[in-house]
Amino acid sequence: MRMVSNAVSQEFGRKVAAEGVTVAEWSFMRAVFDDDGTAPTLLADRMGMTRGAISKLADRLVAKGFVVRSEAGGRGQILSLTPEGREAVPVLAALADANDADFFGVLSGNDREALSRILRTLVERRGLTRTPID
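Bear in mind that the values here come from a model prediction, so they are computed numbers and not experimental data. (Residues numbered from 1 in each chain as written. Predicted model: local features only at pLDDT ≥ 70, side-chain atom pairs only at ≥ 80, totals over all residues. Heavy atoms only, no water.)

Trainee: Got a minute to help me understand the side chain of Ser-80 in this structure?
Mentor: Turning to its location among the elements, Ser-80 is positioned in strand S2 (residues 77-81). Among the residues examined, Ser-80 registers a relative accessible area of 15% and is labelled buried. Reaching out from Ser-80, the side chain makes a polar contact with the backbone nitrogen of Gly-37 at a distance of 3.5 Å. (Helix = DSSP H or I, 4+ residues; strand = E, 2+ residues; numbered from the N terminus. Buried < 20%, exposed > 50% of the residue type's maximum accessible area, 1.4 Å probe, protein only. Polar contact = N/O pair within 3.5 Å; in protein donor to acceptor, adjacent residues only side chain to side chain.)

Spelled out as structure tokens, the structure:
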């Protein structure tokens, strides 16, 4: 299982790197895409990261032109995607889907359904709520 997990993750990492982001940055952008105008603290909680880690990711994405910080009326900062960041998310999502298809497309429909069911069971039983990004 670890061999497959690592191979899937490493290949996806190479694909998003070609688009100028890391897997962690992609996860950050995807989370902000779902809830644009997010406070860093809420994003940290949702992603299971520290506020410091979120701040570092935000710094990198601001420098790349994908994220902008704005003030929230004296209540701190809000993180939003720039138009470039908003355009990049569907492109990166397509890479994620293609990566999954590359690895799991060799399975029959029944095998994919069985694997999905097994993985959902593990997620539910272990109480997993966040995608690991490191």
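Having seen the model, we can carry on.
Trainee: Honestly, the packing of helix H1 (residues 2-17) against helix H5 (residues 83-104) in this entry has me stumped. Any pointers?
Mentor: Between two packed helices, both the angle of their axes relative to each other and the distance between the axes serve to describe the pair. One can describe the packing of H1 onto H5 by two numbers: an axis separation of 10 Å at closest approach and a directional angle of 145°. Seen from above, H1 lies across H5 with right-handed handedness. Taken together, the residues of H5 that come into contact with H1 (itself represented by Val-4, Ala-7, Val-8, Glu-11, Phe-12, Lys-15 and Val-16) are Leu-92, Leu-95, Ala-96, Ala-98, Asn-99, Asp-100, Asp-102, Phe-103 and Phe-104. Grouping the constituent residues of the contact of H1 with H5 by class yields eleven nonpolar, one polar and four charged. (Axes fitted to C-alpha atoms, helices over the stretch in contact; angles between N-to-C directions. Left-handed = near helix turned anticlockwise from the far one by under 90°. Contact = heavy atoms within 4.5 Å. Nonpolar A, V, L, I, M, F, W, Y, C, P; charged D, E, K, R; others polar.)

Trainee: Got a minute to help me understand H1 in this structure?
Mentor: Helical geometry note: an α-helix holds 3.6 residues per turn, so side chains three or four residues apart project in the same direction. With 16 residues, H1 ought to run about 22 Å at 1.5 Å a step, and its terminal C-alpha atoms sit 22 Å apart, in line with that. At its buried positions, H1 is contacted by helix H2 (23-34) and H5. (Expected span 1.5 Å × (residues − 1).)

Trainee: I'm lost on the pattern of salt bridges in this one. Help?
Mentor: Tallied over the entire structure, the rule returns seven salt bridges. With its nearest N and O atoms 2.7 Å apart, the salt bridge here joins Lys-64 to Glu-25. Linking Lys-64 in the loop between helix H4 (51-63) and strand S1 (67-71) with Glu-25 in helix H2, this pair joins segments that are 39 residues apart in sequence. Arg-46 is the salt-bridge partner of Asp-35, the closest N and O atoms lying 3.2 Å from each other. Of this pair, Asp-35 sits in the loop between H2 and helix H3 (40-47) while Arg-46 sits in helix H3, and the two are eleven residues apart along the sequence. Looking at Arg-46, the relative accessible area reads 35%, which means it is partly exposed. Connected through shared salt-bridge partners, Glu-25, Arg-60 and Lys-64 make up one network. (Salt bridge = Lys/Arg side-chain N within 4 Å of Asp/Glu carboxyl O.)

Trainee: What exactly am I supposed to notice about the nonpolar core here?
Mentor: Considering soluble globular proteins, one finds that nonpolar side chains tend to be buried as a cluster. If you look at the biggest cluster of nonpolar residues, it comprises 24 residues, and the most contacted ones within it are Val-21, Phe-28, Met-29 and Leu-43. It is H2 that contributes the most residues to this core, six residues altogether. With residues near it in sequence (within four places) discarded, Met-29 still touches Val-21, Leu-61, Phe-66, Leu-81, Gly-85, Ala-88, Val-89 and Leu-92. (Core = buried A, V, L, I, M, F, W, Y, C linked by side-chain atoms within 4.5 Å.)

Trainee: Just checking my understanding: could you explain the side chain of Asn-99 for this structure?
Mentor: Considering the arrangement of structural elements, one finds Asn-99 in helix H5. Relative accessible area serves as the criterion here: at 1%, Asn-99 is assigned to the buried category. The residues touching Asn-99, leaving out its near neighbours within four places in the chain, are Val-8, Glu-11, Phe-12 and Lys-15.

Trainee: Just to check I follow, could you spell out the pairing of S2 for this structure?
Mentor: Every other side chain in a regular strand lies on the same face of the sheet, so the side chains alternate between the two faces. Burial within S2 is extensive, with four of its five residues counted as buried. For S1 and S2, the ladder comprises five bridges, and the chain directions are antiparallel. If you follow Val-68 over to S2, its bridge partner there is Ser-80. (Pairing = 2+ DSSP bridges.)

Shape descriptors only; they carry no functional weight alone.
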